[in-house]
Amino acid sequence: MKKITLALLAGASWLCAGTNQATAIDGVSEPRVIHAAQGEPAAPPVRMASNMGGGFIQFLFGEPEQGGRYQQQQPMYQPQPDYGERRSMLPPMDPQQGGMYRQEEAADPAQRPVDPRYAKQVVDYHGTEGAGTVVIDTPNKFLYLVQGDGKALRYGVGVGRPGFTWSGVKTISAKKEWPAWTPPPEMLARRPDLPRHMEGGPQNPLGARAMYLGSTLYRIHGSNEPWTIGTNVSSGCIRMRNEDVMDLYGRVGVGTRVVVI
């Protein structure tokens, strides 16, 4: 083992001194080998390089080829694959992911749940109107059917857009199931794209029921756009969900007092 250590130290001293101990062949000198004593395994040959440049790094980390040369070791890193094509084959991101992707705007309006505030419910009533009176609270978008004993049935409604709201006292002058709709000239002047007449049915904007208010053009009626309940949406009519207007229709008659505030 002492002789092996001497061989390594001899090679190291040659490298530090920069001397050439053997004739160089193609930039790599013949290896200097000191044989081990009898009974000890021979030490591996010591590699020597003729300079300290890039060949020295190649000498340290290369692999031997034929003729005594050392080939450069391949870099350990691997080039990263291009995932562009593979990514394009992935299914599109669920629009509900990624911060919900403006779910409110993207959702089908017909599938939006009704705000619980606008569902039909029994509430306390502290007004002065008697039982059987319909009271429409325009700013808060509620319709009350006074029951007496301090209670009222409350429904959510859609009311007139800015400039189309109104107030006053009317009576129900007529009631119709699945009413036909003929837009008045004033509305056609604003909306020339509207049909001149539409028979009653599920696509009719007056919905399932209509209660006409006095001699005016205003009505309490249903709607095929329930997501508009609780908004300023109409040209002055009071709109309700179809199920709510059908319920109210069965509870009031012609001559019912309607107070719009």
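Reference entry: report on the structure contained in this document.

Basis of the calculations
Residues numbered from 1 in each chain as written. Predicted model: local features only at pLDDT ≥ 70, side-chain atom pairs only at ≥ 80, totals over all residues. Heavy atoms only, no water. Salt bridge = Lys/Arg side-chain N within 4 Å of Asp/Glu carboxyl O. Helix = DSSP H or I, 4+ residues; strand = E, 2+ residues; numbered from the N terminus. Buried < 20%, exposed > 50% of the residue type's maximum accessible area, 1.4 Å probe, protein only. Phe/Tyr/Trp six-rings, centres within 6.5 Å; stacked < 30°, edge-to-face > 60°. Lys NZ or Arg CZ within 6 Å of the ring centre and 35° of its normal. Pairing = 2+ DSSP bridges. Contact = heavy atoms within 4.5 Å. Axes fitted to C-alpha atoms, helices over the stretch in contact; angles between N-to-C directions. Arc of directions from axis to C-beta. Lys, Arg positive; Asp, Glu negative; His and termini not counted. Polar contact = N/O pair within 3.5 Å; in protein donor to acceptor, adjacent residues only side chain to side chain. Core = buried A, V, L, I, M, F, W, Y, C linked by side-chain atoms within 4.5 Å.

1. Points about the pattern of salt bridges
Step number 1: Summed over all chains, the structure comprises 10 salt bridges.
Step number 2: Residues Lys-151 and Asp-124 are paired through a salt bridge, measuring 2.5 Å at the closest nitrogen-oxygen approach. In this pair, Lys-151 sits in strand E8 (residues 151-156) while Asp-124 sits in strand E5 (residues 121-124), placing the two residues 27 residues apart along the sequence.
Step number 3: Taking relative accessible area as the criterion, Lys-151 reaches 36% and is therefore assigned partly exposed.
Step number 4: Arg-251 is the partner of Asp-247 in a salt bridge, and the nearest nitrogen-oxygen pair spans 2.9 Å.
Step number 5: A residue is classified by how much of its surface remains accessible, and Asp-247, at 22% relative accessible area, is partly exposed.
Step number 6: On the accessibility criterion, Arg-251 (44% relative accessible area) is partly exposed.
Step number 7: Members of the salt-bridge network, linked through shared partners, are Lys-120, Asp-247 and Arg-251.

2. Here we look at the packing of aromatic side chains
Step number 1: All told, the structure shown has four aromatic pairs when counted by the stated rule.
Step number 2: Where Phe-142 meets Tyr-144, the ring centres are 6.3 Å apart and the plane angle is 65 degrees; that geometry is what we call edge-to-face.
Step number 3: Residue Phe-142 is classed as buried on the basis of its relative accessible area, which comes to 11%.
Step number 4: Here Trp-166 and Tyr-218 contribute two aromatic rings whose centre-to-centre distance is 4.7 Å and whose plane-to-plane angle is 10 degrees, an arrangement assigned as stacked. Of this pair, Trp-166 sits in the loop between strand E9 (159-160) and strand E10 (168-177) while Tyr-218 sits in the loop between strand E11 (209-213) and strand E12 (219-221), and the two are 52 residues apart along the sequence.
Step number 5: Through a chain of ring-to-ring contacts, three or more aromatic side chains come together here, namely Tyr-118, Tyr-125, Phe-142 and Tyr-144.
Step number 6: In this arrangement the basic side chain of Arg-209 is found over the ring face of Tyr-249, its NZ or CZ atom lying 5.6 Å from the centre.

3. Regarding the sheet that holds E10
Step number 1: Sheet architecture is open: nine strands sit in the order E5-E8-E7-E6-E15-E10-E11-E12-E14, paired in mixed fashion. Strand pairing shows two members of the sheet lacking a second neighbour, E5 and strand E14 (238-239), which therefore form its edges.
Step number 2: Of the strand pairs in this sheet, strand E7 (residues 142-148) and E8 are connected by six bridges, and their pairing is antiparallel. Of the residues in E8, the one forming a bridge with Val-146 is Ala-152.
Step number 3: Of the strands in this sheet, E7, E8, E10, E11 and E12 are in contact with helix H6 (residues 242-249), which crosses E11 at around 60 degrees.

4. Section: H6
Step number 1: Along H6, the residues classified as buried are Asn-242, Asp-244, Val-245, Leu-248 and Tyr-249. Mapping the buried residues of H6 onto a view down its axis gives an arc of 160 degrees, with all of them on the same face.
Step number 2: Tucked inside the fold, the buried residues of H6 contact E7, E8, E10, E11 and E12.

5. Looking at the side chain of Arg-154
Step number 1: With respect to the helices and strands, Arg-154 occurs in strand E8.
Step number 2: The buried charged residue Arg-154 lacks any salt bridge partner; its closest oppositely charged side chain belongs to Asp-137, at an N-O distance of 7.9 Å.
Step number 3: Polar contacts involving the side chain of Arg-154 include one to the main-chain carbonyl oxygen of Arg-117, which spans 3.3 Å.
Step number 4: If near-sequence neighbours (up to four positions away) are discounted, Arg-154 is found in contact with Arg-117, Ala-119, Lys-120, Gln-121, Val-123, Phe-142, Leu-143 and Tyr-144.

6. A word on the nonpolar core
Step number 1: Core analysis: the largest hydrophobic core is formed by 21 residues, its most contacted members being Leu-143, Ile-220 and Leu-248.
Step number 2: Taken together, the elements giving at least two residues each to this core come down to strand E6 (134-137), E7, E8, E11, H6 and strand E15 (257-260).
Step number 3: For this core, the element with the most residues is H6, which contributes three residues.
Step number 4: Once you skip the residues sitting within four places of it in the chain, Ile-220 turns out to touch Val-134, Ile-136, Leu-143, Arg-209, Ala-210, Met-211, Leu-213, Ile-238, Met-240, Val-245, Leu-248 and Val-258.
Step number 5: Counting residues in hydrophobic clusters, the runner-up holds nine residues, among them Tyr-118, Tyr-144, Val-146 and Ile-229.

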